Amino acid sequence: MLELFGTDGVRGTSSHYPMTAETVLKIGSAVGWYFGQQAGGVHRVVIGKDTRLSGYMFESALTAGLTSTGMNVLLLGPVPTPAVGLMTRSMRADLGIMISASHNPAEDNGIKFFGPDGFKLSDDVETAIEALVQEGVELASPQNIGRAKRIDDARFRYGERLKSSLSRNLRLENLKVVIDCANGAAHRTAPEILWELGADVIPVGINPNGTNINQGCGSTNVSVAAEAVIVHGADVGICLDGDADRIILIDETGDPADGDQLMALLASRWAEDGRLAKSTLVTTVMSNIGLESHLSGLGLKIKRTSVGDRYVVERMRQGGFNLGGEQSGHIVMTDYATTGDGLMAGLHFLAEMIRSNTLASNLCKQFTPVPQILKNIRYSKAQDPLLASPVQSAVASAENLLSDGGRLLVRKSGTESMIRVMAEHRDFELLEKSLDDVVQAINSELSV
């Protein structure tokens, strides 16, 4: 059996290993047995999903596997990923599961897991579950098979939690906000919450049909939201991904701002208020070195982790930090949430617009990024071009060229069959040449 877990749970193309009904059934049995052994008689699991057509199939397969080991299943329906983390903890469940492939296209799907504390599982727990999937587990006796029940108010509970993270006096009556929900899990929740807070809401990407999640919209394609901001004269745009755990902002001129800019804003503001734990922001190796220079100038520190918001959260919990995230738009505020929450981060940005009476364009440009290029190369997992000598030589040469004030990062994606090549340097021509040499070496190896 091939490796199941990647950067963020299990993910792949639907009806292809590991995202087949058969394998997901086995995964359900394995996690049900594993957490059933830890539970003190509760045996309760919450399951949420995004709007992919395959979500119905995997919801049923997981439910069958979980109930077969005696776990009781609470079905939340379509909700954002952070809502699952919240509900796992608030409903005293032993396990939380989100069925989603996040920003991936509709043909993909995935499974994210949360422990009873609402945080994502560690590598050690994932390894143990992987072994159980392969070995099989003992099923419950007929009288101990679990039950399944639908929970109808999960998104409302989540909405109240979002609003409770803000000042009770916050009103958004003077803001016109474009919200792009990527035809995903937040297509009802996000517009409702903004409306409840008084914003003039322009919704985009709120008509999911099972196959259009992230399609030409959302945080990975902001052009529709940017156009809506201009056409409607909006003050700001908020672009979420399919499961609403990441955000890209659009200012009033239609320009996008990534997670680095939002983290820079929140870190500086929290530091001013004495709220930034240990004066430190946790982010990944992908964040721009301009962010690090900017925060250093403010007397603040950065801790870097591997790519993936769960690694950010693990580092935050280990070090007692309360703010972290990724350039891609995962923003983690552990004072309020257990995982990245795009909508919560967007609300806190809007709160800062109101507090400071400042245009989004000013708040979105906290620092000038060092020129950065990222290129993605699709490959078959049966191949490993990064082990080839010509590729390693090209990488070493590029690292040497960029060593003075820049850097190179070459890694395999944990969520897609991609090799990601990222380079940064203030000399754009040097940056471009170094990155192209590495990309060409990898492509040459793949074509052999």
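Preceding this paragraph is the structure being described.
Residues numbered from 1 in each chain as written. Predicted model: local features only at pLDDT ≥ 70, side-chain atom pairs only at ≥ 80, totals over all residues. Heavy atoms only, no water.

Enquirer: What should I look at first to understand the overall build of the protein chain in this one?
Expert: When its secondary structure is counted, the protein chain shows 14 helices and 19 strands. Its C-alpha atoms give the protein chain a radius of gyration of 22 Å, within 12% of the compact-globule value 22 Å for 448 residues. For the protein chain, the spread of C-alpha atoms along the three principal axes comes to 70 × 60 × 40 Å. A total of 448 residues make up the protein chain; the buried ones form 59% of that total. For the protein chain, contacts bridging at least 24 residues in sequence account for 71% of all contacts bridging at least 6. Charge separation in the protein chain, taken as the distance between the mean sites of 41 positive and 53 negative side-chain charges, equals 6 Å. (Helix = DSSP H or I, 4+ residues; strand = E, 2+ residues; numbered from the N terminus. Rg over C-alpha atoms; globule rule 2.2 N^0.38 Å. Buried < 20%, exposed > 50% of the residue type's maximum accessible area, 1.4 Å probe, protein only. Contact = heavy atoms within 4.5 Å. Lys, Arg positive; Asp, Glu negative; His and termini not counted. Charge placed at Lys NZ, Arg CZ, Asp CG, Glu CD.)

Enquirer: It is not clear to me how the sheet that holds strand β2 (residues 9–13) should be interpreted in this structure. Could you clarify?
Expert: For sheets, the rule is that strands pair by backbone hydrogen bonds, running either parallel or antiparallel. The mixed open sheet is built from seven strands, whose spatial order is β1-β2-β6-β5-β3-β4-β7. Of all the strands in the sheet, just β1 (5–6) and β7 (148–150) have a single pairing partner and so form its edges. By the bridge criterion, four bridges tie strand β5 (residues 95–99) to strand β6 (residues 108–114) in an arrangement that is antiparallel. When the bridges of β6 are listed, Ile-97 appears paired with Phe-113. (Pairing = 2+ DSSP bridges.)

Enquirer: Looking at this structure, how should I read helix α14 (residues 428–446)?
Expert: Each α-helix turn comprises 3.6 residues. Residues three or four places apart therefore point the same way. In a regular helix each residue adds 1.5 Å, so 19 residues correspond to 27 Å; α14 covers 27 Å between its end C-alpha atoms and thus fits that length. For α14, the complete set of buried residues consists of Leu-431, Ser-434, Leu-435, Val-438, Val-439, Ala-441, Ile-442 and Leu-446. Down the axis of α14, the sector holding all buried residues measures 155°, keeping them to one side. In α14, the exposed positions angled more than 90 degrees off the buried face are occupied by Glu-429 and Gln-440. Measuring from the backbone nitrogen of Glu-429 back to the side-chain oxygen at the start of α14 gives 3.2 Å, which picks out Asp-427 as the cap. (Expected span 1.5 Å × (residues − 1). Arc of directions from axis to C-beta. Polar contact = N/O pair within 3.5 Å; in protein donor to acceptor, adjacent residues only side chain to side chain.)

Enquirer: Looking at this structure, I do not really get the sheet that holds strand β12 (residues 256–257). What am I missing?
Expert: Here we have five strands laid out as an open sheet, ordered β9-β8-β10-β11-β12, and mixed in their pairing. Taken across any chain shown, the strands that pair with only one partner, and hence form the sheet edges, are β9 (200–204) and β12. Where strand β11 (residues 247–250) and β12 come together, two bridges link them in antiparallel fashion. Bridging across to β12, Ile-250 finds its partner in Pro-256.

Enquirer: Looking at this structure, I do not really get helix α8 (residues 259–272). What am I missing?
Expert: Taking 1.5 Å as the rise per residue, α8 with 14 residues should run 20 Å; its terminal C-alpha atoms sit 20 Å apart, in good agreement. With respect to burial, α8 is a largely interior element, 12 of its 14 residues being buried. Every buried residue belonging to α8 is among Gly-259, Asp-260, Gln-261, Leu-262, Met-263, Ala-264, Leu-265, Leu-266, Ala-267, Ser-268, Arg-269 and Trp-270, and all of these are buried. The backbone nitrogen of Asp-260 lies 3.0 Å from a side-chain oxygen of the residue at the head of α8, namely Asp-258. Immediately beyond the C-terminal end of α8, within one or two residues, lies Gly-274, with a positive phi of roughly 75°.

Enquirer: Sorry, what's going on with the pairing of β6 here?
Expert: Side chains on a regular strand alternate between the two faces of the sheet. For β6, the buried fraction is high: seven of the seven residues fall into the buried class. Burial of β6 is two-sided: the residues Asp-108, Gly-110, Lys-112 and Phe-114 facing one way and the residues Asn-109, Ile-111 and Phe-113 facing the other way are all buried. Sheet topology note: the β2/β6 ladder contains four bridges and is antiparallel. Bridge pairing in β6 places Val-10 opposite Ile-111.

Enquirer: I would appreciate a short explanation of the nonpolar core in the present structure.
Expert: Burial of nonpolar side chains together is a common tendency in soluble globular proteins. One finds Phe-349 and Leu-350 to be the most contacted residues of the largest nonpolar core, which totals 66 residues. In contact with Phe-349, other than residues within four places in its own chain, are Val-236, Leu-249, Leu-262, Leu-265, Ala-360, Leu-363 and Cys-364. In this structure, Phe-5, Met-19, Leu-95 and Ile-99 belong to the second largest nonpolar core, which totals 29 residues. (Core = buried A, V, L, I, M, F, W, Y, C linked by side-chain atoms within 4.5 Å.)

Enquirer: What am I meant to see in the environment of Glu-399 here?
Expert: Residue position: Glu-399 is located in helix α13 (residues 389–402). It is 10.0 Å that separates the C-alpha atoms of Glu-399 and Val-438, two residues lying 39 residues apart in sequence.

Enquirer: Help me understand the packing of helix α5 (residues 154–164) against helix α6 (residues 189–196) in this model?
Expert: Two packed helices can be described by the angle between their axes and the distance between those axes. Where α5 meets α6, the closest approach of the two axes is 10 Å, and the angle between their N-to-C directions is 45°. Judged on the interaxial angle alone, α6 and α5 are oblique. When the axes of α5 and α6 are compared, the crossing they make is right-handed. Seen from α5, the contacting residues are Arg-155, Phe-156, Tyr-158, Gly-159, Leu-162 and Lys-163; seen from α6, they are Thr-189, Glu-192, Ile-193 and Glu-196. (Axes fitted to C-alpha atoms, helices over the stretch in contact; angles between N-to-C directions. Parallel < 35°, antiparallel > 145°, perpendicular 65-115°, else oblique. Left-handed = near helix turned anticlockwise from the far one by under 90°.)

Enquirer: Hey, could you run me through the pattern of salt bridges in this one?
Expert: Oppositely charged side chains are able to pair whenever their charged atoms sit close together. As enumerated under the stated definition, the model contains 28 salt bridges in all. When the shortest N-O distance is used, the salt bridge between Asp-8 and Lys-112 registers 3.4 Å. Of this pair, Asp-8 sits in the loop between β1 and β2 while Lys-112 sits in strand β6, and the two are 104 residues apart along the sequence. The salt bridge involving Lys-120 is made with Asp-309; its shortest N-O contact spans 3.0 Å. A residue pair is termed long-range when its members are at least 10 positions apart, and Lys-120 in the loop between β6 and α4 (123–135) and Asp-309 in helix α10 (residues 309–319) qualify at 189 residues. Under the relative-accessibility criterion, Lys-120 is labelled buried at 14%. On the basis of relative accessibility, which here comes to 3%, the residue Asp-309 falls in the buried class. Taken together, the shared-partner salt bridges connect Asp-8, Lys-112, Lys-120, Asp-243, Asp-245 and Asp-309 into one network. (Salt bridge = Lys/Arg side-chain N within 4 Å of Asp/Glu carboxyl O.)

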